[in-house]
Amino acid sequence: MSLTLTVDGDRWRAHLRSVADANPGLAPVAKGNGYGFTLGRLARKSQWLGVDTIAVGTYDELPHVASRFDGDLLVLTPWRPFGAAVELEPGVAGRVIHTVSRSSDLDDLLGRQPDARFVLERMTSMLRHGLSARELWSAAGTLAARPHARLEGIALHLPLAQGSHLSEVSRLLNDVVAAELSTRTIWVSHLTSDELATLRTSYADYSIRPRIGTDLWLGDRAALRVTATVLDVHPLERGDAFGYRGRTAPKSGHLLVVSGGTSHGVGLEAPMGDSSIKARAATLARGGLDAVGFVRSPFSIDGKQRLFAEPPHMQVSMLFLPDGPRVPEVGEQLDVRVRYTATAFDRVVVT
């Protein structure tokens, strides 16, 4: 009676191991909803992989992983002089590596904790967080006067846009070299295996450490299956009313009540980055269906996605199945297509 993520354990673990073996210095990323697996499970799997550092998204996520992973904890959200960043548990604080993206924050952090561990984030074409080249050089001067500060490397967070990032990374690393900082570690996100190999060759005196989330945890989708349970099946005649909003059936068929609703993330869509003509056409098609009361659901029956009968409820959804196709029985499992990073599962079963 649950929205369930079932994982082929042997296949998934083999994939995790292959990614770790192919990426020396790997820092697994465990953030948000844990890519659907939960943060605790990802922390335990990182421990199993034998890595020395994992990356979390925010300071509030630290309690979920700190007791399940005994290595260093890199926080990707930049340090700020307020909130959870300055309220760390003493037993965890020594394991935390902060991300510093503003000159004023570097001064403030070291004023509060002279021996703080941190990475300096260099601004990339993402234009999200980071220091400019001039600020990076200024930071070098600040650190020269702070002998107890523990600079753990330089962080580069690159965009997901297609095409090689090598030219941008090379330009940014030239700024790092020119700043003469006391580190030879570079933390990078969203580089391909070939790009990482090229960087390691071009900057052989630097340690390149990839931070990987999606490609690690979700890289082998064939190892993952999401299912929902059919909870009830009701025959409908044309014109029959149903649901919260008293909608009427457009034709005869069946109303299916299945597990999985808005509390799980079903029917709640995050904006997509695909701007192709095909993607725009699909958006228009979905809008047209919505306008007449028919919206395709993520639930499939015999390989075909079926329509929502009405907007999803909190924990269940209602589907309309017209006469003709096979009618599932109560207790049957339906395949569900979801965005793992936006879905909360009732159960995660690793076989």
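Structure: see above.
Position labels on residues start from 1 in each chain and follow its written sequence. Given that the model is predicted, a residue must reach a pLDDT of at least 70 before its local features are reported, and side-chain atom pairs must reach 80 or more before they are shown or counted; all residues, however, enter totals for whole chains, interfaces and linings. To obtain the side-chain values, all non-hydrogen atoms of the structure were included, while hydrogens and water were left out.

**Some remarks on the overall build of the protein chain**
Move 1: Only runs of H or I of at least four residues qualify as helices and only runs of E of at least two qualify as strands under DSSP, and these elements are numbered from the N terminus. Of regular secondary structure, the protein chain possesses ten helices and 18 strands.
Move 2: Classification of the 351 residues of the protein chain by burial places 46% in the buried group.
Move 3: Within the protein chain, counting contacts between residues at least 6 apart in sequence, those at least 24 apart form 66% of the total.
Move 4: All accessible areas in this document rest on Shrake-Rupley with a 1.4 Å probe, and a residue is counted as covered only by the protein chains that are shown. Only carbon and sulfur atoms are counted for the fraction: they give 51% of the accessible area of the protein chain, which is about 17300 Å².
Move 5: Positive charges come from Lys and Arg, negative ones from Asp and Glu, while His and the chain ends are left out of the count. By convention, the charge on Lys lies at NZ, on Arg at CZ, on Asp at CG and on Glu at CD. Between the mean site of the 39 positive side-chain charges and the mean site of the 38 negative ones, the protein chain shows a separation of 2 Å. When accessible area is computed with a 1.4 Å probe and restricted to protein chains, residues below 20% of their type maximum are described as buried, those above 50% as exposed, and intermediate ones as partly exposed. We call two residues contacting when some pair of their heavy atoms lies within 4.5 Å.

**Side note on the pairing of strand β1 (residues 4–7)**
Move 1: Two strands form a pair only when DSSP identifies at least two bridges running between them. The sheet contact formed by β1 and strand β18 (residues 347–350) spans four bridges and is parallel. In the strand pairing of β18, V7 is matched with V350.
Move 2: Pairing between β1 and strand β10 (residues 224–236): four bridges, direction antiparallel. For T4, the partnering residue across the bridge sits in β10 and is T227.

**Brief notes about the packing of helix α6 (residues 133–144) against helix α7 (residues 166–179)**
Describing two packed helices takes the angle between their axes plus the distance from one axis to the other.
Move 1: Relative to each other, α6 and α7 sit at 25°, their axes nearing to 9 Å. Considering the angle they form, α6 stands roughly parallel to α7. Considering the relative orientation of α6 and α7, their crossing is right-handed. Contacts between α6 and α7 pair A133, L136, W137 and A140 from the former with D175, V176, A178 and A179 from the latter. Here an axis means a line fitted to C-alpha atoms, over the contact stretch when the element is a helix, while the angle between two N-to-C directions is reported on a 0 to 180 degree scale. Roughly parallel covers angles under 35 degrees, roughly antiparallel covers those over 145, roughly perpendicular covers 65 to 115, and oblique covers all other angles. Left-handed describes a crossing whose near helix is turned anticlockwise from the far helix through less than a right angle; right-handed describes the clockwise counterpart.

**As for helix α8 (residues 193–202)**
Move 1: Among all positions of α8, only E195, L196 and L199 are buried. All buried residues of α8 fall inside an arc of 100° around its axis, so they share one side. For α8, exposure combined with an orientation more than 90 degrees from the buried face picks out S193, D194 and T201.
Move 2: On its buried face, α8 sits against α7, β8 (185–189) and β9 (207–212). Here the arc refers to the set of directions running from the helix axis out to each C-beta atom.

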